[in-house]
Each structure stands twice: as C-alpha cells, then as structure tokens.
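Report on the structure
So the chains spell out like this:
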Amino acid sequence: DHPKFPNHWTKGFFTEVTPPEKIAFTFSAFTDDSGISGLEGINTITFEEENGKTKLTLVAVLTKLAPELAFAAQGMEQGWSESLDKLDTFITKK
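For the structure given in this document, a descriptive report is provided here. (Residues numbered from 1 in each chain as written. Predicted model: local features only at pLDDT ≥ 70, side-chain atom pairs only at ≥ 80, totals over all residues. Heavy atoms only, no water.)

1. A few points about the overall build of the chain
Check the secondary structure of the chain and you find two helices and five strands. When the helices and strands of the chain are placed in sequence order, the string is β-β-β-β-β-α-α. Counting across all 94 residues of the chain, residues that qualify as buried make up 18%. In the chain, of all internal contacts separated by at least 6 residues, the share reaching a separation of at least 24 is 29%. Only carbon and sulfur atoms are counted for the fraction: they give 56% of the accessible area of the chain, which is about 7400 Å². Once the 9 positive and 14 negative side-chain charges of the chain are each reduced to a mean point, those two points are 4 Å apart. (Helix = DSSP H or I, 4+ residues; strand = E, 2+ residues; numbered from the N terminus. Buried < 20%, exposed > 50% of the residue type's maximum accessible area, 1.4 Å probe, protein only. Contact = heavy atoms within 4.5 Å. Areas by Shrake-Rupley, 256 points an atom, 1.4 Å probe, with all protein chains shown as cover. Lys, Arg positive; Asp, Glu negative; His and termini not counted. Charge placed at Lys NZ, Arg CZ, Asp CG, Glu CD.)

2. Overview of the side chain of Ser28
With respect to the helices, strands and loops of the structure, Ser28 is situated in strand β3 (residues 22-31). For Ser28, the side chain forms a polar contact with the side chain of Ser37, separated by 3.0 Å. The residues contacting Ser28, other than those within four sequence positions of it, are Trp9, Thr10, Lys11, Ser37, Leu39 and Glu40. (Polar contact = N/O pair within 3.5 Å; in protein donor to acceptor, adjacent residues only side chain to side chain.)

In structure tokens, the structure reads:
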C-alpha cells in the first residue's frame, strides 16, 4: 500500500490463450482522473507438466512506468507470489 495510491484499479485484455499451455494479457494500473495510467505492461504465464505437477512460469514486462510508481514495480514479484499463494489455498481447499 502507498498513501498516494490507497486504491487503484487494474484493467487489461487477454492477448493470447492457448489451453493448457499459455495465457498472456496486458495490464494497465494506477489510472489518474483523466484516464491515463502510470503503469502498463504484459504478463505471460506458461504451464508445463513436471513430475506429475504443473510448473507455472510468469514473465511480467513493463512497457510504461511513471517515476512515482517505482515502488509498484519493485513489489510486483511479492504481489504475484502472494496472489498465487492465495489461489493455491483456494484451489486446494476442496
């Protein structure tokens, strides 16, 4: 969390879906009142079978980063790790 950006919306579009191997999507975040985002990029997630389990690889590439949002870029790995941990907990709760 950041005091200047207590809430922010993220939007994006799927650019590639290749079941069951790959998902790619754009993202745009930290949009100001005029609709201009300060952080943009593309995420590519691949899935591979490895020893009876699924190996997930995520690559995030920033295409736009406003200087005041450097903190967000620095926290992307932690944010994705937390999100994927929550997904794992949700999925394995059966």
